[in-house]
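Tertiary structure, described
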Amino acid sequence: MTEGKTTAVNAAGGDPPPSRKLFSGPQPNVAQAAGYPDAPPRMGFFTDTSVCIGCKACEVACKEWNSVPEDGLELTGMSYDNTQGLGADTWRHVAFIEQRKPLGGQEPGVDHSGFDVFEAARNLGSSPASPGPGATAPSPESAPAGAPAGSISPVSPDGRTELRWLMSSDVCKHCTHAACLDVCPTGALFRTEFGTVVVQEDVCNGCGYCVPACPYGVIDQRKEDGRVWKCTLCYDRLGVGMEPACAKSCPTDSIQFGPLEELRERAAARVAQLHAAGVTDARLYGESPDDGVGGDGAFFLLLDEPEVYGLPPDPVVTTRDLPAMWKHAAMAAASLAALGFASFVRRPR
Amino acid sequence: MSESDVTRKGVEGARPGREALTGARAGRRRRRRGRGEQPVVPDARFSSYYGKPVLNKPTWKPLDIAGYLYLGGLAGGASLLAAGAHATGRPDLARVTKLGAAGAITVSLGALVHDLGRPARFINMLRVVKPTSPMNMGSWLLAGYAPLTMAAAAADVAGRYRLVGAGATAAAAALGPAVATYTAVLLSDTAVPSWHEGYRELPFVFAGSGASAAAGLALAFVPAAQAGPARRMAVLGAALELGAFQLMKRHIGLAAEPFEQGRPHKLLRAAEMLTAGGAALAAYAGAGAGPRAGWRGRAPAVAAGLALLTGSAALRFGVFHAGVHSAEDPKYTVVPQRERMRARAG
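Residues numbered from 1 in each chain as written. Chains lettered and ligands numbered in written order. Predicted model: local features only at pLDDT ≥ 70, side-chain atom pairs only at ≥ 80, totals over all residues.

An unreviewed UniProt entry lists chain A under the name 4Fe-4S dicluster domain-containing protein, with Streptomyces carpinensis as the source organism. The UniProt entry for chain A carries this comment under Subcellular location (unreviewed entry): "Cell envelope". (UniProt positions renumbered as here; feature names shortened; annotations may be inferred.)

Laid out in structure tokens, this is it:
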């Protein structure tokens with residue numbers, strides 16, 4: 001854990017041949033390495049949580065399309081989140097976090113009582129202060145003065161405390177190095193030609209090994225059924241050129257679907273835009289191919305530390321250490337054999 | 001869902017209502033488990049999503065999987081003793097350990113299949129050969145090992161096909177150490193902090209534990225005159241198990257904490273005492289000036305054997321439960337990962 005092995009593996013020998021499957025580190029052609037010579041581009045999700053409104057349309061659409069059973073009707077009492085987390089019967093999960101923090105260029109304590117919304121609507125698009133339809137964020141130049149730091153106080157002049165809601169739709173990450181796939185003893189989990197990870201339900205025998213192997217806590221066992229289930233990135237829809245149900249249903253385009261390369265470019269531009277607009281908290285999660293799982297096929301733009309959303313801050317695919325594990329087990333087995341031999345050796349008299 | 005309780009001291013655990021502060025209950029977790037026990041490491045401050053675990057905890061049933069780990073270790077060690085006894089002409093020791101290995105591995109295979117969500121599909125384990133899956137490798141290993149132990153035991157009991165029996169005994173002894181130690185890889189190759197971080201030492205712990213369990217079996221059921229190697233194996237196995245476990249707990253930082261708390265702690269303390277006591281008693285039984293006849297002479301050896309068998313089982317259950325606990329608490333996932341990031345940043 002403290003030896004920093006990530007770099008050691010990555011540093012070994014420049015660009016790897018794309019056809020070989022690696023245990024960790026960047027792997028540019030994940031579908032090719034899995035045995036698809038003419039693979040289509042790798043597809044994935046970019047979930048931009050800065051525009052998520054917490055409507056849970058993605059959760060509903062996912063359940064509808066994939067016929068995912070009910071996952072427990074309970075009220076948690078902790079937030080609007082009664083779904084709680086990903087599991088066998090929850091393939092999309094919207095997290096709700098309430099914080100006493102302003103969001104970006106928010107100005108608390110402004111009196112709006114004299115503001116005529118109809119007048120403002122009539123003037124929509126006529127001045128830079130009132131951008132037209134289609135603009136979801138202020139352009140960098142129009143960011144409020146002093147937005148990045150200083151003049152924003154979490155307490156408004158009338159003493160109210162400020163509040164921001166973070167909402168984020170979580171999903172299977174479709175890792176470049178997927179631990180669930182690596183440890184599956186039956187080959188039920190496989191890599192598709194789109195570079196995604198899918199369970200073959202007619203093969204899975206419910207051993208449950210993938211459940212503790214997943215560093216994100218995504219895949220889980222359906223108790224009454226015995227097998228494990230998770231997001232398929234709508235493999236059936238992808239095959240006929242349709243986008244996954246959750247992305248299709250997202251009303252704010254918080255969930256964006258597309259070729260991973262394109263999504264990464266779009267995400268980088270979005271972070272730059274948010275930073276310029278004073279939302280310095282914005283950061284990408286799971287986007288870098290240099291991270292512990294070789295980059296996620298489904299990555300996120302977050303507005304706080306990953307663990308605040310229930311995501312591990314620095315996940316590592318467990319099979320990165322598997323060669324070392326086998327080595328140690330072999331040494332232990334040899335020690336045991338030697339111990340057995342020593343038990344029978346007669347001491348010289 | 002209300003968490004408040006009316007007690008003699010008034011209302012406890014009530015929600016703050018109108019005075020609630022935004023986010024006051026979110027992100028931090030201050031729940032304390034256990035009574036009066038001080039944590040090894042001071043409570044680390046960290047953020048989490050309402051204290052919810054990051055990982056999904058293992059779905060394995062403790063009795064099936066911890067029992068499987070235990071019986072696999074017992075069988076592996078017993079196969080070593082069986083081969084040694086066979087080669088050095090100790091028929092009673094050979095009989096007990098051959099039967100023990102065959103019985104233990106049969107029950108453990110039953111436990112493995114019983115734990116599957118779809119037991120009828122257990123044969124899918126042998127659908128592929130996949131070195132990245134310890135469970136797949138283990139299935140192949142057991143598919144080879146289990147029939148060998150059964151052949152060895154059957155030949156010994158029947159007193160026929162001696163050559164086949166000798167071959168099977170030798171082959172089972174060759175695979176036995178792998179059967180006893182691969183289960184450590186099975187646990188370590190997960191994201192469960194307390195299992196994964198210990199991947200260097202855990203195979204040695206399991207090797208020692210398997211040896212001490214097998215020695216316990218022999219001590220309990222074999223006359224003292226033939227149990228000399230078992231006594232030695234008890235002492236060596238216990239030393240390896242306890243030494244490697246101490247080393248592991250010292251190396252793995254925060255992931256060692258679940259081993260020191262609650263039920264895992266009790267189980268592991270019991271395992272330590274039973275294993276150390278059993279080994280000491282085994283050494284005493286050996287030093288007792290030759291074999292004495294009757295119950296009185298056998299008592300220390302039987303007690304030592306039972307202590308070693310129980311101690312090894314307690315160790316496996318302790319390790320199992322500690323891992324599950326480390327997966328249930330986001331602290332063990334988040335804090336070490338944060339530390340790792342800080343160390344990398346410089």
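Let us keep going from here.
Let's talk about the confidence of the model for chain B
Residues and elements named next belong to chain B. Here chain B averages 89 in pLDDT, while 88% of its residues score no lower than 70. Overall, residues 26-36 carries pLDDT values under 50, and its contacts beyond four positions in sequence, including any with other chains, amount to 13 contacts. Here the predicted complex carries an ipTM of 0.88, next to a pTM of 0.86. (pLDDT = per-residue confidence, 0-100. Contact = placed C-beta atoms within 7 Å.)

Some words on the sheet that holds strand S8 (residues 255-259) of chain A
All names here are of chain A. Pairing in this open sheet of 4 strands is mixed, and the strands run S8-S1-S10-S9 from one edge to the other. Of all strands in the sheet, those bounded by a partner on one side alone are S8 and strand S9 (283-285). For this sheet, the mean inter-axis angle between neighbouring strands, taken without regard to orientation, is 25°. Sheet topology note: the strand S1 (residues 43-48)/strand S10 (residues 298-302) ladder contains 4 bridges and is parallel. Within the sheet, the bridge partner assigned to Thr47 lies in S10 and is Phe300. Sheet contacts for helix H9 (residues 260-276): S1, S8, S9 and S10; angle to S8, the most-contacted strand, approximately 135°. (Pairing = 2+ DSSP bridges. Helix = DSSP H or I, 4+ residues; strand = E, 2+ residues; numbered from the N terminus. Axes fitted to C-alpha atoms, helices over the stretch in contact; angles between N-to-C directions.)

Side note on unusual backbone geometry
Residues and elements named next belong to chain A. You will see that Gln84, though not glycine, has its phi angle at about 80°, which is positive. Located in the positive-phi region is His174, a residue other than glycine, with phi close to 45°. Inspection of the secondary structure assignment puts His174 in the loop between strand S3 (164-171) and helix H5 (179-183).

Some remarks on the interface of chain B and chain A
Residue-level contacts link 78 residues of chain B with 67 residues of chain A. Elements with a contribution of two residues or more to the side of chain B that touches chain A: helix H1 (62-88), helix H3 (134-158), helix H4 (162-188), helix H6 (202-221), helix H7 (228-251) and helix H10 (330-345) of chain B. When residues of the side of chain B that touches chain A are assigned to their parent elements, the largest contribution, 9 residues, is made by H10(B). For the side of chain B that touches chain A, the per-class residue count stands at 40 nonpolar, 24 polar and 14 charged. (Nonpolar A, V, L, I, M, F, W, Y, C, P; charged D, E, K, R; others polar.)

Some points on the pairing of S3(A)
Residue and element names in this part refer to chain A. Burial analysis of S3 places 6 of its 8 residues in the buried class, the great majority of the element. Of the strand pairs in this sheet, strand S2 (residues 92-99) and S3 are connected by 8 bridges, and their pairing is antiparallel. Residue pairing in the sheet places Phe96 in a bridge with Met167 of S3. (Buried ≥ 20, exposed ≤ 12 C-beta atoms within 10 Å, placed from the backbone.)

Brief notes about H1(B)
Residue and element names in this part refer to chain B. The terminal C-alpha atoms of H1 lie 38 Å apart, and with 27 residues this matches the ideal 39 Å at 1.5 Å per residue to within 8%. Where burial is concerned, most of H1 is hidden: 22 out of the 27 residues are buried. Just downstream of H1 lies Gly89, where phi reads positive at about 70°. (Expected span 1.5 Å × (residues − 1).)

Things to note about the packing of H1(B) against H4(B)
Residue and element names in this part refer to chain B. At their nearest, the axes of H1 and H4 sit 7 Å apart, and the two run at 145° to each other. The hand of the H1/H4 crossing is left-handed. Across the interface between the two elements, Leu69, Gly72, Gly73, Ala75, Gly76, Gly77, Ser79, Leu80, Ala82, Ala83 and His86 from H1 touch Ala166, Thr169, Ala170, Ala172, Ala173, Gly176, Pro177, Val179, Ala180 and Thr183 from H4. (Left-handed = near helix turned anticlockwise from the far one by under 90°.)

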